[in-house]
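# Overview (structure and organization)
Chain residues, written in single-letter form:
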Amino acid sequence: MNAIRFDFRSDTVTRPSADMRQAMAAAEVGDDVFGDDPSVNRLEQRMAAMLGKDAALFVPSGTQSNLLALMSHCGRGDEYIAGQNAHLYSHEAGGAAVLGSIQPQPIAHQADGTMALDDIEAAIKPDDNHYARTTVIALENTFGGKVLPVQYMQSVAAIAQRHGLGLHLDGARAFNACVALGMDIAVFTAPFDSVSICLSKGLGAPVGSVLVGRRDLIDKARRHRKMLGGGMRQSGILAAAGLHALDHHIERLAEDHRRARKLAEGLAAFAALTVTVPDTNIIFVDMERQLGARFTDFLASRGVGVTGRYGQQRWVTHLDVDDAAVEGARMVVAEFFAVEAQ
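Read on for an overview of the structure.

## Looking at the nonpolar core
- Residues L43, M47, I137 and F175 are the most contacted members of the largest nonpolar core, which totals 52 residues.
- If one sorts the elements of this core by residue count, helix α7 (residues 150–163) sits on top with 7 residues.
- With near-sequence residues (within four places) excluded, L43 lies in contact with F58, L199, V210, A239, G242, L243 and L246.
- Judged by nonpolar contacts, the second largest core, of 26 residues, contains L263, A264, L299 and V306.

The following block contains the structure:
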């Protein structure tokens, strides 16, 4: 297997910077299960304040954060509404159903990544013993790198309020959305009862997410975290990385977005590739299926890491991708199409 020189597989591949490692090494720690790890407490308090919410909970992963949110909103036999391609429905191993006994109600996405408001409202179950009880609506923003409109989120919030439902945001890359919009994250997340924020994607921390929201939901989530094995001890070492990321890695997300646009322009120069112009740091590239297999293999042979199958590739820019990496990848792409043309 060829070593990866330019890694565009995901923004989860980032490695902690030297300064972040130093902050981790110097972290003041305690036992977080007892509630006395000062670094974890600072991270939770800071995230709650940034989002304008009551409380927050530091957890090992975004998958666990979303699961804890659903389990805190729902009881056994309740139902959540989410998009057909939403990460918490399609890419988190069915955890809500398996571990929370919560029924999913998936809804088809529109071309822009939203769910039609009428479809959401039609999926809400009546108060009838024959049906699972609809309890919460879950949105995701960014969705596949797209920034869903704030007005859309507010419209979904109005539906939730009208029916007495909770509203959860899988905001794994919410800071990307806020940087792209030039919006404060407290305003962006204002309609939601709970929000999951990932620290280990574009923000560059090695581990962790934070679930933020209403006090009663976070109190339930803390108990569920212990139940699921997510109670960590001297996790201030990891929380320190998150605090460093909040201090140093939010505004620089604009650099990831700029590089994604530059990379997308280079890919779009080839007629065989259909490139979705990125809102943030994620680019989708479509092509004929057999070409896609050859292209992905060629990139791998030249040390360019992407995720791809069935004629579609996903390229993601991040903290460890600089301008030289973007240019190097563009040169490899040009080399491939030169070989194809022979």
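## Observations concerning unusual backbone geometry
- Residue T142 is reached from N141 by a cis peptide bond, and omega for that bond is 10 degrees.
- Among the secondary structure elements, T142 is positioned in the loop between β5 (133–140) and α7.
- For A93, which is not glycine, the phi torsion reads 60 degrees and is therefore positive.
- When you line up the elements, A93 lands in the loop between α4 (87–90) and α5 (95–100).
- Residue A93 is classed as exposed on the basis of its relative accessible area, which comes to 75%.
- With phi around 55 degrees, S101 is a residue other than glycine that occupies positive phi space.
- The topology assignment puts S101 in the loop between α5 and β4 (103–107).
- On the accessibility criterion, S101 (26% relative accessible area) is partly exposed.

## Considerations on the pairing of strand β13 (residues 312–316)
- Of the strand pairs in this sheet, strand β10 (residues 282–286) and β13 are connected by 5 bridges, and their pairing is antiparallel. Across the sheet, V285 pairs through a bridge with Q313, a residue of β13.
- The pairing of strand β12 (residues 307–309) with β13 spans 3 bridges and is antiparallel. Looking at β13, one finds that T307 is bridged to R314.

How each quantity is defined
- Residues numbered from 1 in each chain as written.
- Predicted model: local features only at pLDDT ≥ 70, side-chain atom pairs only at ≥ 80, totals over all residues.
- Heavy atoms only, no water.
- Core = buried A, V, L, I, M, F, W, Y, C linked by side-chain atoms within 4.5 Å.
- Buried < 20%, exposed > 50% of the residue type's maximum accessible area, 1.4 Å probe, protein only.
- Helix = DSSP H or I, 4+ residues; strand = E, 2+ residues; numbered from the N terminus.
- Contact = heavy atoms within 4.5 Å.
- Pairing = 2+ DSSP bridges.

Read these as geometric descriptors, not functional statements.
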